[in-house]
Structure formats: C-alpha cells, structure tokens
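Close look at the chain arrangement
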Amino acid sequence: MQLTFDQAAELLDEIVESFPPPLFEELNGGVNLLNEARPNAEIEGLYTMGEYRWNDLGRYINLFYGSFCAMAELRQWDFEDWRRELRQTFSHELTHHMEGRAGLHALEDRDAEKMAAWRKEVGLE
C-alpha cells in the first residue's frame, strides 16, 4: 500500500505530536517530510529513511517520503507498517537530536557499526 505525500505527512504530524514537547527544545528547524528518495549509493535496496541535521541552519530532522515509498513497494507495507516505520525513523532521528544536545554519540556509533556490517555482508569491505 502506498500513502500519498499528504497522507504520510498527516500521519507523521500525529506521531510527532504524540511526543512530549520538551524533547523538541533546540530543534529549531522542526521535523520535515521531504519528497525525495535517498537510495544508498553502494548497497542496492538500502535507503536512508531520515536524517538529523545540525548545521548553520540549526537543528532539524528530515524524513524522506520517497525512501518510505520505495520500501513500502519492496516489502508490501500496509497502513500499520507505514505508521511503525515513520514512528521508528522519527524516534531514531529524535534520539540523535537528544544525544547531540547532550554531547553523546552512542547511536551514531551504532549506526556506523550497522553500516559497516551491511557493507561487509554485500562484499564491500
């Protein structure tokens, strides 16, 4: 099942609003759903679903609607799959935000370990 961009945005808004407001302190760029897909350049079938950014524009979270659509097609998602994946991705990126504010990087380290394992699995390392 594919959700339209507007349906996914509405669902993401509901998810974001279910989190306590103090978690969003210093997230001045908010949470954004972008239309693009972010396929991994090295590993076919792997997509970047979201990112936490901290730069001159501030701190913000981007989720990539096109990546969600690609995964929904590959894995035959239903509505609850969309809800779960949006929530999981948003939670993951919000954790990066919280760790960034605290000067921590445990999740970033774990992400790098997972990426290295995927690269090894497909013979890139």
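The present account deals with the structure reproduced in this document. (Residues numbered from 1 in each chain as written. Predicted model: local features only at pLDDT ≥ 70, side-chain atom pairs only at ≥ 80, totals over all residues. Heavy atoms only, no water.)

Re the packing of helix 3 (residues 79-102) against helix 4 (residues 106-121)
Heads up, the rule is: Each axis is a line fitted through C-alpha atoms, and for a helix only the stretch in contact is used; angles between axes span 0 to 180 degrees, taken between their N-to-C directions. Secondary structure elements are taken from DSSP: a helix is a run of H or I of four residues or more, a strand is a run of E of two residues or more, and numbering for both begins at the N terminus. Relative orientations are named as follows: roughly parallel for angles under 35 degrees, roughly antiparallel for angles over 145 degrees, roughly perpendicular for angles from 65 to 115 degrees, and oblique for any other angle. Working rule for contacts: check all heavy atoms of both residues, and any pair within 4.5 Å makes them a contact. In this classification, Asp, Glu, Lys and Arg are treated as charged, Ala, Val, Leu, Ile, Met, Phe, Trp, Tyr, Cys and Pro as nonpolar, and every other residue, Gly included, as polar.
Between helix 3 and helix 4, whose axes approach to 8 Å, the crossing angle comes to 130°. In terms of orientation, helix 3 lies oblique with respect to helix 4. Across the interface between the two elements, His92, Thr95, His96 and Glu99 of helix 3 pack against Ala106, Leu107, Glu108 and Asp111 of helix 4. Within the contact of helix 3 with helix 4, the residues separate by chemical class into two nonpolar, three polar and three charged.

A few points about the pattern of salt bridges
Spelled out, the test is: Any carboxyl oxygen of Asp or Glu within 4 Å of a side-chain nitrogen of Lys or Arg constitutes a salt bridge here. Exposed residues in this analysis have more than 50% of their type's maximum accessible area, buried residues have under 20%, and partly exposed residues fall in between, with area computed by a 1.4 Å probe over protein chains only.
Counted under the stated rule, the structure contains ten salt bridges. Notably, a salt bridge pairs Glu51 with Arg38, separated by 3.4 Å at the nearest N-O pair. In this pair, Glu51 sits in strand 2 (residues 50-55) while Arg38 sits in the loop between strand 1 (31-34) and strand 2, placing the two residues 13 residues apart along the sequence. Taking the relative accessible area as the measure of exposure, Glu51 reaches 15% and is therefore buried. By relative accessible area, Arg38 is classed as partly exposed at 31%. Residue Arg84 is joined to Asp81 by a salt bridge in which the shortest nitrogen-to-oxygen separation is 2.8 Å. Of this pair, Arg84 and Asp81 both sit in helix 3, three residues apart, roughly one helical turn. By sharing partners, the salt bridges in this structure join Glu25, Glu26, Arg59 and Arg101 into a single network.

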